[in-house]
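Letter by letter, the chains look like this.
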Amino acid sequence: MKFSLDKNDKYSVFSLEEENLNSLLAPNLKSEFVFLRNEGVRNLIFDLTNVKYVDFSGLSAILTANRLWKGYGTFILTGAQHAPVQKLIEISRLESILTIVPTVEESIDFAMMSELEREIKEED
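Below: a short report on this structure. Not measured: the values here are computed from a predicted model. (Residues numbered from 1 in each chain as written. Predicted model: local features only at pLDDT ≥ 70, side-chain atom pairs only at ≥ 80, totals over all residues. Heavy atoms only, no water.)

Let us look at the overall build of the protein. Each helix and strand in the protein was counted, giving 4 helices and 7 strands. Starting at the N terminus, the α and β elements of the protein follow one another as β-β-β-α-β-β-α-β-α-β-α. Scaling as 2.2 N^0.38, a compact globule of 124 residues should have a C-alpha radius of gyration of about 14 Å, and the protein matches this with 14 Å. Each principal axis of the C-alpha atoms in the protein carries an extent, and together these give about 45 × 25 × 20 Å. For the protein, buried positions account for 42% of its 124 residues. Just so you have it, the protein exposes about 7,000 Å², and 50% of that area is on carbon and sulfur atoms. Treating the 13 positive side-chain charges of the protein as one cloud and the 20 negative ones as another, the clouds have centres 7 Å apart. (Helix = DSSP H or I, 4+ residues; strand = E, 2+ residues; numbered from the N terminus. Rg over C-alpha atoms; globule rule 2.2 N^0.38 Å. Buried < 20%, exposed > 50% of the residue type's maximum accessible area, 1.4 Å probe, protein only. Areas by Shrake-Rupley, 256 points an atom, 1.4 Å probe, with all protein chains shown as cover. Lys, Arg positive; Asp, Glu negative; His and termini not counted. Charge placed at Lys NZ, Arg CZ, Asp CG, Glu CD.)

Time to look at a nonpolar patch on the surface. Taken together, Met-113, Leu-116 and Ile-120 make up a surface patch of nonpolar side chains, about 290 Å² in accessible area. Secondary-structure assignment places Met-113 in helix H4 (residues 104-123). (Patch = residues over 30% accessible without salt bridge, like charges linked within 9 Å, V, L, I, M, F, W, Y side chains within 5 Å. Salt bridge = Lys/Arg side-chain N within 4 Å of Asp/Glu carboxyl O.)

Structure follows, in C-alpha coordinates:
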(Lines give C-alpha, C1' and ligand atoms only; values in the text may rest on other atoms or scores of the structure.)
Protein backbone atom coordinates (compact mmCIF):
# COMPACT_ATOMS: atom_id res chain seq x y z
CA MET A 1 0.00 0.00 0.00
CA LYS A 2 1.40 3.35 -1.05
CA PHE A 3 0.69 6.40 1.08
CA SER A 4 2.31 9.51 2.43
CA LEU A 5 2.01 10.83 5.96
CA ASP A 6 2.57 14.48 6.82
CA LYS A 7 2.78 14.79 10.60
CA ASN A 8 2.40 18.12 12.35
CA ASP A 9 1.94 19.09 15.99
CA LYS A 10 -1.81 19.51 15.80
CA TYR A 11 -2.77 17.20 12.90
CA SER A 12 -1.55 14.57 10.45
CA VAL A 13 -2.46 14.21 6.77
CA PHE A 14 -2.62 10.61 5.55
CA SER A 15 -2.71 10.62 1.73
CA LEU A 16 -3.53 7.32 0.11
CA GLU A 17 -1.55 7.07 -3.12
CA GLU A 18 -3.56 4.27 -4.67
CA GLU A 19 -6.37 4.42 -7.22
CA ASN A 20 -8.45 1.71 -5.55
CA LEU A 21 -9.32 1.42 -1.88
CA ASN A 22 -10.53 -2.16 -1.88
CA SER A 23 -10.41 -5.44 0.03
CA LEU A 24 -6.71 -5.85 -0.80
CA LEU A 25 -5.77 -2.59 0.94
CA ALA A 26 -8.42 -2.24 3.64
CA PRO A 27 -6.84 -4.52 6.29
CA ASN A 28 -3.47 -2.73 6.03
CA LEU A 29 -5.19 0.64 6.11
CA LYS A 30 -7.08 -0.29 9.28
CA SER A 31 -3.77 -1.32 10.87
CA GLU A 32 -2.22 2.03 9.93
CA PHE A 33 -5.18 3.86 11.47
CA VAL A 34 -4.86 1.88 14.72
CA PHE A 35 -1.11 2.57 14.79
CA LEU A 36 -1.62 6.33 14.30
CA ARG A 37 -4.32 6.47 16.98
CA ASN A 38 -2.11 4.57 19.44
CA GLU A 39 0.76 6.89 18.54
CA GLY A 40 -1.33 9.82 19.79
CA VAL A 41 -2.37 11.53 16.55
CA ARG A 42 -5.31 13.66 17.73
CA ASN A 43 -6.51 14.98 14.37
CA LEU A 44 -6.26 12.80 11.28
CA ILE A 45 -7.01 14.06 7.80
CA PHE A 46 -7.54 11.17 5.38
CA ASP A 47 -6.89 12.41 1.83
CA LEU A 48 -8.59 10.48 -0.98
CA THR A 49 -7.50 12.82 -3.80
CA ASN A 50 -5.78 9.99 -5.72
CA VAL A 51 -8.48 7.39 -5.01
CA LYS A 52 -10.85 6.73 -7.91
CA TYR A 53 -12.75 3.77 -6.46
CA VAL A 54 -13.74 2.60 -2.97
CA ASP A 55 -15.47 -0.71 -2.30
CA PHE A 56 -17.30 -1.72 0.87
CA SER A 57 -14.10 -3.04 2.49
CA GLY A 58 -12.53 0.37 1.95
CA LEU A 59 -15.64 1.99 3.36
CA SER A 60 -15.29 -0.23 6.41
CA ALA A 61 -11.71 0.98 6.91
CA ILE A 62 -12.90 4.61 6.75
CA LEU A 63 -15.64 3.91 9.30
CA THR A 64 -13.12 2.16 11.54
CA ALA A 65 -10.98 5.31 11.56
CA ASN A 66 -14.03 7.45 12.32
CA ARG A 67 -14.80 5.20 15.31
CA LEU A 68 -11.18 5.27 16.52
CA TRP A 69 -11.12 9.08 16.64
CA LYS A 70 -14.62 9.57 18.04
CA GLY A 71 -14.32 11.12 21.48
CA TYR A 72 -10.53 11.38 21.13
CA GLY A 73 -9.91 13.87 18.36
CA THR A 74 -11.10 14.57 14.84
CA PHE A 75 -11.20 12.34 11.78
CA ILE A 76 -11.66 14.27 8.54
CA LEU A 77 -12.23 12.78 5.11
CA THR A 78 -11.06 14.98 2.24
CA GLY A 79 -10.37 14.82 -1.48
CA ALA A 80 -13.35 12.61 -2.32
CA GLN A 81 -13.56 14.17 -5.76
CA HIS A 82 -13.99 11.24 -8.12
CA ALA A 83 -17.58 10.37 -9.08
CA PRO A 84 -17.55 6.69 -7.95
CA VAL A 85 -16.21 7.70 -4.51
CA GLN A 86 -18.76 10.50 -4.17
CA LYS A 87 -21.54 8.13 -5.24
CA LEU A 88 -20.59 5.55 -2.59
CA ILE A 89 -20.55 8.25 0.12
CA GLU A 90 -23.94 9.48 -1.08
CA ILE A 91 -25.54 6.02 -1.31
CA SER A 92 -24.19 5.08 2.12
CA ARG A 93 -25.35 8.42 3.57
CA LEU A 94 -21.93 8.91 5.10
CA GLU A 95 -22.12 12.69 4.89
CA SER A 96 -24.31 12.49 8.01
CA ILE A 97 -21.76 10.34 9.89
CA LEU A 98 -18.35 11.53 8.69
CA THR A 99 -16.72 14.93 8.71
CA ILE A 100 -16.17 15.51 5.00
CA VAL A 101 -14.28 18.61 3.88
CA PRO A 102 -13.53 19.37 0.21
CA THR A 103 -9.79 20.17 0.29
CA VAL A 104 -6.74 19.38 2.38
CA GLU A 105 -6.24 23.09 3.13
CA GLU A 106 -9.80 23.45 4.44
CA SER A 107 -9.36 20.22 6.39
CA ILE A 108 -6.26 21.60 8.10
CA ASP A 109 -8.22 24.72 9.08
CA PHE A 110 -11.04 22.52 10.40
CA ALA A 111 -8.61 20.37 12.41
CA MET A 112 -6.92 23.45 13.88
CA MET A 113 -10.28 24.91 14.93
CA SER A 114 -11.35 21.59 16.45
CA GLU A 115 -8.12 21.39 18.41
CA LEU A 116 -8.54 24.97 19.65
CA GLU A 117 -12.08 24.21 20.82
CA ARG A 118 -10.86 21.12 22.70
CA GLU A 119 -8.07 23.11 24.38
CA ILE A 120 -10.54 25.79 25.48
CA LYS A 121 -12.91 23.16 26.89
CA GLU A 122 -10.05 21.49 28.78
CA GLU A 123 -9.10 24.82 30.38
CA ASP A 124 -12.66 25.30 31.67
